[in-house]
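# Descriptive analysis of the structure
Read off the chains here:
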Amino acid sequence: MDTRATYDVDVTSLDLQIQKMPTALSTETGGGSVCLVCGQGGGVLLKCPGPRGKKVRSCGQQFHVQCLNKDQEDVGRCPNCQSDHVCSSCQKLDKATRKCSQCPKFYHEGCVSNRLAVWKEKTFTCPLHVCSTCVSTRSRSCSDPLYSCVRCPTAYHGSNLCLPAGSHILDNNLLICPGHLKAVKTNSQHARVNMKQCVECGKGENLKLCHSCPAAYHPTCGGAEFKGQAIDTEKLSETLGTQQKEIWLCPHCVQGRKLLYGDIVWIKLGFYRWWPGEICHPLTVPKKVAKKSHRIGEFPVRFFGENVYCWSHQGRVYPFEGASYLRGTSTNGNLDKDYNLGLREAIAASSFVARLRQEQNEKVE
């Protein structure tokens, strides 16, 4: 592969993450178990044996006994397995739910309608049986086992080629996906920052802002493919740092598309402009960076042009190719020299990473 791209930047000199990060998962960046109810580890965790009277394997969920409702008759099982027709997404008991044809979980159609569920006339397959990354970004066949998020109906192949950046790996092929960052109100860097222009046309005014990522859209720019969704949910309000009863998710977030390790991206830090960089794997960054305090859902990023690191999250990082209007160069001051260098490096790296990912996908098929 030719490593010299536009702007005469030698990609091999950039020491890109995608060339050195591990493909296989490692429990060094996670491991252990958490309670399904409180989301915390520690203490004695009981493993749910699965629905009563049914010959199915354990659902894999674990919980503290003290976290369950003491009025529940069957305290040995998680809320989802204590009774049929409990929606595994919103946790509400409702006879209108439908059972997945491949597992004992029930869902409201509205809770998974825009996720990767497969609906047929009489049956449906829930999103936990398909990799969100493979379906939303590329079509391929992968033999790696699926890891299911314990907090939402999404799943990903157990490989760093599919696993979203910022995921926390648990035991029993479970994980917490990066969509569940619990923002600290006193930490200004946990606040989401949306683009000031439409990511499609580059113009401002009358924008719809995604409540999960920095995307901003004019509804008219997306045409027939514009399938964002307004969601009325209490569960997402804490995660996304908003008290609004209704939130809007952009088309990519509705489909479950997440940022991956090695992606070339735009990064927003403090009062600095959107800056080009890459998402790093925690095992490949300098030790002093890896040891910095961070939460589930955060991941290390490296700024091109300056070669410095920080921890960020999906609310302040956006795909480099998805906001081309940000590519304007600057000519004033030393900081702008670093930015312009970083921009040239990002353009070269983005082209290189796209070709390399295509080659990796072809090897898997």
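Refer to the preceding data block for the structure.
Read on for an overview of the structure. (Residues numbered from 1 in each chain as written. Predicted model: local features only at pLDDT ≥ 70, side-chain atom pairs only at ≥ 80, totals over all residues. Heavy atoms only, no water.)

### Re the pairing of strand 15 (residues 264-267)
Residues I264 and W266 line one face of strand 15 and the alternating positions V265 and I267 line the opposite face, and both faces are buried. The sheet contact formed by strand 15 and strand 16 (residues 275-279) spans 4 bridges and is antiparallel. Bridge pairing links I264 to E278 in strand 16. Examined bridge by bridge, strand 15 and strand 19 (residues 317-319) share 3 bridges and lie antiparallel to one another. Paired with W266 across the two strands is Y318, which belongs to strand 19. (Buried < 20%, exposed > 50% of the residue type's maximum accessible area, 1.4 Å probe, protein only. Helix = DSSP H or I, 4+ residues; strand = E, 2+ residues; numbered from the N terminus. Pairing = 2+ DSSP bridges.)

### Some remarks on unusual backbone geometry
For residues other than glycine, phi is negative in most cases, and the peptide bonds are mostly trans. Its identity as a non-glycine residue notwithstanding, E205 has a phi of 75 degrees, on the positive side. Tracing the chain through its elements places E205 in the loop between strand 10 (174-176) and strand 11 (208-209). What makes E205 exposed here is its relative accessible area of 65%. Phi is positive for N307, which is not a glycine, with a value near 60 degrees. Mapped onto the elements, N307 comes out in the loop between strand 17 (298-303) and strand 18 (308-313).

### Observations concerning the packing of aromatic side chains
Within a pair of aromatic rings, the relevant descriptors are the distance that separates the centres and the angle that separates the planes. Scanning the entire structure with this criterion turns up 4 aromatic pairs. An angle of 90 degrees between the planes, with centres 6.1 Å apart, marks the rings of Y107 and F124 as edge-to-face. Here Y107 is found in strand 4 (residues 106-107), whereas its partner F124 is found in strand 6 (residues 124-125), with 17 residues between them in sequence. Taken together, a centroid distance of 4.9 Å and an interplanar angle of 25 degrees make the contact between W266 and F320 stacked. In this pair, W266 is assigned in strand 15 and F320 in the loop between strand 19 and helix 7 (333-364), connecting sequence segments 54 residues apart. The pair W266 / F320 is uniform in exposure class, with both members buried. (Phe/Tyr/Trp six-rings, centres within 6.5 Å; stacked < 30°, edge-to-face > 60°.)

### Here we look at the environment of C162
The topology assignment puts C162 in the loop between strand 8 (155-157) and strand 9 (168-169). Taking the relative accessible area as the measure of exposure, C162 reaches 0% and is therefore buried. C-alpha of C162 to C-alpha of L259: the two residues are 97 residues apart in sequence and 9.4 Å apart in space.

### Remarks on the side chain of K268
Examined against the element boundaries, K268 turns out to sit in the loop between strand 15 and strand 16. Although K268 is buried, it forms no salt bridge, and the closest oppositely charged side chain is E306 at an N-O distance of 13 Å. A polar atom in the side chain of K268 sits 2.9 Å from the backbone oxygen of G270. At a separation of 2.7 Å, a polar atom in the side chain of K268 contacts the main-chain carbonyl oxygen of Y272. If near-sequence neighbours (up to four positions away) are discounted, K268 is found in contact with Q189, V193, R273, W274 and R316. (Lys, Arg positive; Asp, Glu negative; His and termini not counted. Salt bridge = Lys/Arg side-chain N within 4 Å of Asp/Glu carboxyl O. Polar contact = N/O pair within 3.5 Å; in protein donor to acceptor, adjacent residues only side chain to side chain. Contact = heavy atoms within 4.5 Å.)

### Focus: the pattern of salt bridges
All chains considered together, the criterion is met by 4 salt bridges. We note a salt bridge from D15 to K20, for which the minimum N-O separation is 2.9 Å. Owing to a relative accessible area of 46%, D15 belongs among the partly exposed residues under this scheme. Its salt-bridge partner being D263, residue R357 comes within 2.8 Å of it at the nearest N-O pair. Of the two residues, R357 is situated in helix 7 and D263 in the loop between helix 5 (251-254) and strand 15; the sequence distance between them amounts to 94 residues. Looking at R357, the relative accessible area reads 12%, which means it is buried.

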